[in-house]
Amino acid sequence: FLRSEYCYQDPAWYGDADKRFWATSILGGETNDWSRTRPDGQPATFTVAGEQVREARFGLEGVIPGVSIFFLVLSIVIGASFVGAEYKFGTVENLLLWEPRRARVLLTKFVAGFTSSFVVTAAMLGLLSALLYAVASVRGTTSGVDSRFWVDLFSLLGRAGIAGGLFFVLAMSVAVIARNTTASVGLLLGWFVISNIVIELAARWFRRWELFMNATAFITESDAVASRKIAGQRFEVFGHGYLTAGLVVAVWALLFATIATLIFNRRDID
């Protein structure tokens, strides 16, 4: 029998849609002119009850910005295991017999962890970018890739590496405080899952300072979102820019690293 509605399995329904993989999809959408169509810093505003409000700007939304979130999770797991495993197997005591200056031991671990996480995160994302670019060259198109695209790509790899290093330090600090790998991973990933619910129900004012949202904003070059009530209505608006978002993540990591260092210096090792 005949059906009048479109068949979504029929390629003809899509018309002449371009099925090629665009190299510009690495960072964003399909475009023939990256410099012109890339997300920019121009603020968008709207007016509510006579008050002008700035909207939050969304940044890069391609394959690499999305995958970079996975590397943050990986940094959490490795960072927590970096010191949590030593507590589990009792090697902390042996290490302190060799180097009794605890603050120096922990600082060295922080620096080593941050550096290694930065390098691995940036390198792996860079490798994935190269593979995607090769796919576009062979089975797609590199149209639209210009000098600005490369600047955006390498700066994103750098920001993702910094965020990965900070999350490594953060997870390691929580593991030192809790003396347990599982507790550190569970706490941070648990917060990642439920943070939006908790903030929406109990602390909307805290949204602009939330750890994972700021990390995402920093990596993708987007704005952190704040919650604001105007004329009885609540809006999600501009909180701060991506550089400030990176600073917020750094403050979170520094705060927990400081607490961990103070506890590590004073607590008995058993």
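The structure presented is a predicted model; accordingly, all values stated were derived computationally and were not measured.

Requested: an account of the overall build of the protein, with residues and values cited.
Summing up its helical and strand segments, the protein has 8 helices and 6 strands in all. Secondary structure of the protein in N-to-C order comes out as β-α-β-β-α-α-α-β-α-α-α-β-β-α. Of all intrachain contacts in the protein linking residues separated by at least 6 positions in sequence, the fraction that spans at least 24 positions is 72%.

Quick rundown of the confidence of the model for the protein? Include the residues and the values.
In the predicted model, the protein carries a mean pLDDT of 85, and 86% of its residues have values of at least 70. The low-confidence segment residues 1-16, where pLDDT is below 50, has 5 contacts with residues more than four positions distant or belonging to other chains.

Pulling in residues and values, what's your account of the side chain of Ser184?
Following the sequence through the fold, Ser184 ends up in helix α6 (residues 181-202). Taking relative accessible area as the criterion, Ser184 reaches 0% and is therefore assigned buried.

A description of the nonpolar core should follow, citing residues and the corresponding values.
Within the largest apolar cluster, 47 residues are counted, with the highest numbers of intra-cluster contacts made by Ile26, Leu27, Ile64, Phe149, Phe167 and Val176. Looking at this core element by element, the count peaks at 15 residues for helix α5 (residues 147-178). Excluding residues that lie within four positions of it along the chain, Ile26 makes contacts with Gly62, Val63, Ile64, Pro65, Ser129, Leu132, Tyr133, Phe149 and Leu153. In terms of nonpolar packing, the next biggest core, distinct from the first, is built from 6 residues, Val48, Val53, Ile230 and Phe235 among them.

How would you explain a nonpolar patch on the surface if you had to name every residue and give the values?
A surface patch of nonpolar side chains, amounting to about 330 Å² of accessible area, comprises Phe70, Leu74, Val77 and Ile78. Note that Leu74 resides in helix α2 (residues 63-89).

An account of the packing of α5 against helix α7 (residues 211-220) is requested, with residue identities and associated values reported.
Two elements in contact, α5 and α7, have axes whose closest approach is 8 Å; the angle formed by their N-to-C orientations is 155°. Overall, the two elements α5 and α7 adopt an arrangement that is roughly antiparallel. Along its contact with α5, which presents Leu156, Arg159, Ala160, Ile162, Ala163, Phe167 and Leu170, the element α7 presents Leu211, Phe212, Ala215, Phe218, Ile219 and Thr220.

Before we move on, could you go through the side chain of Asp146 and cite the residues and values that matter?
Within the secondary structure, Asp146 is located in the loop between β4 (140-141) and α5. It turns out Asp146 is buried and unbridged, and the closest side chain with the opposite charge, Arg148, is 7.0 Å from it. A polar atom in the side chain of Asp146 sits 3.0 Å from the backbone nitrogen of Phe149. Once you skip the residues sitting within four places of it in the chain, Asp146 turns out to touch Asp33, Trp34 and Ser35.

Would you mind going over the pairing of strand β5 (residues 224-230) in detail, with residue names and values included?
The side chains of a regular strand alternate, first on one face of the sheet and then on the other. Where burial is concerned, most of β5 is hidden: 5 out of the 7 residues are buried. Across 7 bridges, the pairing between β5 and strand β6 (residues 233-240) is antiparallel. Note on β6: the bridge partner recorded for Ile230 is Gln233.

Give me the lowdown on the pattern of salt bridges, citing residues and values where you can.
Overall, the coordinates contain 6 salt bridges when judged by the stated rule. Note that Asp33 is salt-bridged to Arg36, the shortest N-O span being 3.4 Å. Exposure remark for Asp33: the relative accessible area of 30% places this residue in the partly exposed category. By relative accessible area, Arg36 is classed as exposed at 69%. The partner of Arg159 in a salt bridge is Glu221, with the nearest N and O atoms 3.7 Å apart. Here the residue Arg159 occupies a position in helix α5, and Glu221 occupies one in the loop between α7 and β5, the gap between them amounting to 62 residues. Classification of Glu221 by relative accessible area gives buried; the value is 10%.

Reading the values: the criteria
Residues numbered from 1 in each chain as written. Predicted model: local features only at pLDDT ≥ 70, side-chain atom pairs only at ≥ 80, totals over all residues. Heavy atoms only, no water. Helix = DSSP H or I, 4+ residues; strand = E, 2+ residues; numbered from the N terminus. Contact = heavy atoms within 4.5 Å. pLDDT = per-residue confidence, 0-100. Buried < 20%, exposed > 50% of the residue type's maximum accessible area, 1.4 Å probe, protein only. Core = buried A, V, L, I, M, F, W, Y, C linked by side-chain atoms within 4.5 Å. Patch = residues over 30% accessible without salt bridge, like charges linked within 9 Å, V, L, I, M, F, W, Y side chains within 5 Å. Areas by Shrake-Rupley, 256 points an atom, 1.4 Å probe, with all protein chains shown as cover. Salt bridge = Lys/Arg side-chain N within 4 Å of Asp/Glu carboxyl O. Axes fitted to C-alpha atoms, helices over the stretch in contact; angles between N-to-C directions. Parallel < 35°, antiparallel > 145°, perpendicular 65-115°, else oblique. Lys, Arg positive; Asp, Glu negative; His and termini not counted. Polar contact = N/O pair within 3.5 Å; in protein donor to acceptor, adjacent residues only side chain to side chain. Pairing = 2+ DSSP bridges.

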